[in-house]
Amino acid sequence: MAHPILDLFPPRAAVDPDGTLTIAGGRVDDLAREFGTPAIVVDEASLRARAREYRDALATGWPNARVVFASKAFPATAVQRVMVEEGLGLDVAGGGELLSGLRAGVDPALVVMHGNAKTTEELRIAVEARIGLVVVDNEDDVDRLEQLVPSGTVQGVLVRVVPEVASSTHPHVQTGQVGSKFGLTAAAARLLIARIEASPLLDMRGVHAHVGSQIMDPAELAAAVAPLAALGTFPVYDLGGGLGARYTYEDRPASVDEYVGTLLAAAREHLPAEAELIIEPGRSMVNGSAFTLYTVTTVKRDARNFVAVDGGMGDNLEAAMYDQRYEAALAGRMHDEDAEDVVVVGRHCESGDVLVDPLRLPAARVGDLLAVPATGAYTHTMANNYNGYRRPPVVFVRDGEARAVIRRETWEDLFGRDV
Ligand SMILES: *Cc1c(COP(=O)(O)O)cnc(C)c1O
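Predicted model, so just to flag it, every value in this text is computed and none were measured. (Residues numbered from 1 in each chain as written. Predicted model: local features only at pLDDT ≥ 70, side-chain atom pairs only at ≥ 80, totals over all residues. Heavy atoms only, no water.)

1. Considering the pattern of salt bridges
In this structure the tally under the stated criterion is 29 salt bridges. Arginine 48 is the partner of glutamate 86 in a salt bridge, and the nearest nitrogen-oxygen pair spans 2.9 Å. Taken together, the residues glutamate 86 in the loop between α3 (77–85) and β6 (89–93) and arginine 48 in helix α2 (residues 44–61) connect sequence positions 38 residues apart. Here glutamate 86 falls in the buried class, since its relative accessible area comes to 9%. Here arginine 48 falls in the buried class, since its relative accessible area comes to 13%. Aspartate 413 is the partner of arginine 407 in a salt bridge, and the nearest nitrogen-oxygen pair spans 2.6 Å. Sharing partners across several salt bridges, the network here consists of Glu44, Arg48, Arg52, Arg55, Asp56, Glu85, Glu86, Arg398 and Arg403. (Salt bridge = Lys/Arg side-chain N within 4 Å of Asp/Glu carboxyl O. Helix = DSSP H or I, 4+ residues; strand = E, 2+ residues; numbered from the N terminus. Buried < 20%, exposed > 50% of the residue type's maximum accessible area, 1.4 Å probe, protein only.)

Structure below.
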């Protein structure tokens, strides 16, 4: 019987007769030899397929609509380039993601910039690049834009609104509730909208809301549509991102079709038929197309069976920050029977540096490869140098070919900013 964990990998994952995991026709032991571990491995065809799935679902249901990829979920130039090639726009949070998006070849008109604390410098980069939409989150954004936009030109803006809807996700990734630091409540939003409408330098295009992240039930996301509609009639309504991704055997997020269908049902009920709709998927766009490959560095059978790997919090903060549950398997021994309860821990100096707890695994040995599926979202994003860790490479695989799109940091890189 096929190992159940294959369901959590991209569709082209399989197992060779000797028990080694393969991805898009390539063996993971070959990947480990060529690129080292840890490595974030992306199935490029699966990433492209997901982008098209989103694009087609939205275009079919609401022709005047666009998908913009929330770059922060996987802010690699190569990932942004895939999205651009598949016809998507980019949502960027801040100047860095905008600059990489421009390197990825995005049409600036298809860029949406977010941020609750944008600096003058970041807004200057956005205005000079002539991006399509700046999402203003506060009055200070408007003050700054009015200083920066050259007279005779106009900058398109959306106003970010707190939709005042609750969601069932982790409190750290809820953003639509009263008291959120993001956006304005309806009364404050109305005042700012009136100010923007009176400004000769700003084009009041519409309103935006983002309920939160890793939300499995699309009804919670669609609940933001009515509060946006209540603010008035605009050319654009941006409904944010937030659809949950599948990490574990138990997770059952809505499909893209179910999600888009639920959003569009609410849009048909509340929004003008000629309005342009924008959605901003991040996590659900990228998570399932990638996995992280580690090497087991130590196995300690003591109070518990500790299987320690050569990464951890340095390449995956989702587990430590949001209690995200993952699954894992010994990628070179996929035919072996699960033999013991273990806890998979990282290499960092924190007791909270736990990747998977608990987990059933075959008896692990030093040197085994361990693969953690569903790590495309927010792992590379938050990778860091804790304990002098060298951030891992991002490797794209396609038709049996593998190439690094971001190389591993070197020891020298760690001191590259010393002055
Ligand atoms: C984070 C974020 C997204 C993407 O959220 P996901 O949960 O990754 O889909 C979209 N829009 C805004 C404004 C965000 O902050």
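Read on for the rest.
2. Re the site of the ligand
Around the ligand there are 15 residues in total, and Lys72, Ser213, Glu280, Arg283 and Tyr378 lie nearest to it. Within the side chain of serine 213, a nitrogen or oxygen atom sits 2.3 Å from an oxygen atom of the ligand. Within the contact set of the ligand, an oxygen atom lies 2.5 Å away from a side-chain nitrogen or oxygen of tyrosine 378. Protein chains shield 92% of the accessible area of the ligand, which is 390 Å² for the free molecule. Taken atom by atom, the bulk of the ligand overlaps the largest pocket. (Near = heavy atom within 4 Å. Polar contact = N/O pair within 3.5 Å; in protein donor to acceptor, adjacent residues only side chain to side chain. Areas by Shrake-Rupley, 256 points an atom, 1.4 Å probe, with all protein chains shown as cover. 1 Å grid on protein atoms, 1.4 Å probe; cavity = no way out; pocket = protein on both sides within 12 Å on 5 of 7 lines; lining within 4 Å. Sits in = over half its atoms within 2 Å of the grid points.)

3. Quick look at the sheet that holds strand β3 (residues 26–27)
Pairing in this open sheet of 3 strands is antiparallel, and the strands run β1-β2-β3 from one edge to the other. If you trace the sheet from one side to the other, it starts and ends with β1 (13–15) and β3, each paired once. Pairing between strand β2 (residues 21–23) and β3: 2 bridges, direction antiparallel. Residue isoleucine 23 lies in a different strand from β3, and its bridge partner there is glycine 26. (Pairing = 2+ DSSP bridges.)

4. Focus: the packing of aromatic side chains
Applying the stated rule across the entire model yields 4 aromatic pairs. Between phenylalanine 9 and phenylalanine 291, the ring centres sit 5.2 Å apart and the planes meet at 65°, which makes this aromatic pair edge-to-face. With a gap of 282 residues between them, phenylalanine 9 in the segment before β1 and phenylalanine 291 in strand β13 (residues 290–301) connect regions that are remote in the sequence. This pair shows no difference in class: phenylalanine 9 is buried, exactly as phenylalanine 291 is. The ring of phenylalanine 306 carries the charged tip of lysine 300 above its face, separated from the ring centre by 5.7 Å. Over the ring of tryptophan 411 we find arginine 390, and its NZ or CZ is 3.6 Å from the ring centre. (Phe/Tyr/Trp six-rings, centres within 6.5 Å; stacked < 30°, edge-to-face > 60°. Lys NZ or Arg CZ within 6 Å of the ring centre and 35° of its normal.)

5. Side note on the sheet that holds strand β8 (residues 133–136)
As summarised here, the arrangement of the 8 strands in space is β5-β6-β7-β8-β9-β10-β11-β12, forming a closed barrel in which the pairing is parallel. Neighbour to neighbour, the strand axes of the sheet diverge by 30° on average, direction disregarded. Two strands pair when backbone bridges link them, and strand β11 (residues 236–238) and strand β12 (residues 276–279) are joined in this way by 3 bridges, in the parallel orientation. Its bridge partner lying in β12, tyrosine 237 is registered against leucine 277. Docked against the sheet, helix α7 (residues 186–197) engages β8, β9 (155–160) and β10 (202–208), running at close to 155° with respect to β10. (Axes fitted to C-alpha atoms, helices over the stretch in contact; angles between N-to-C directions. Contact = heavy atoms within 4.5 Å.)

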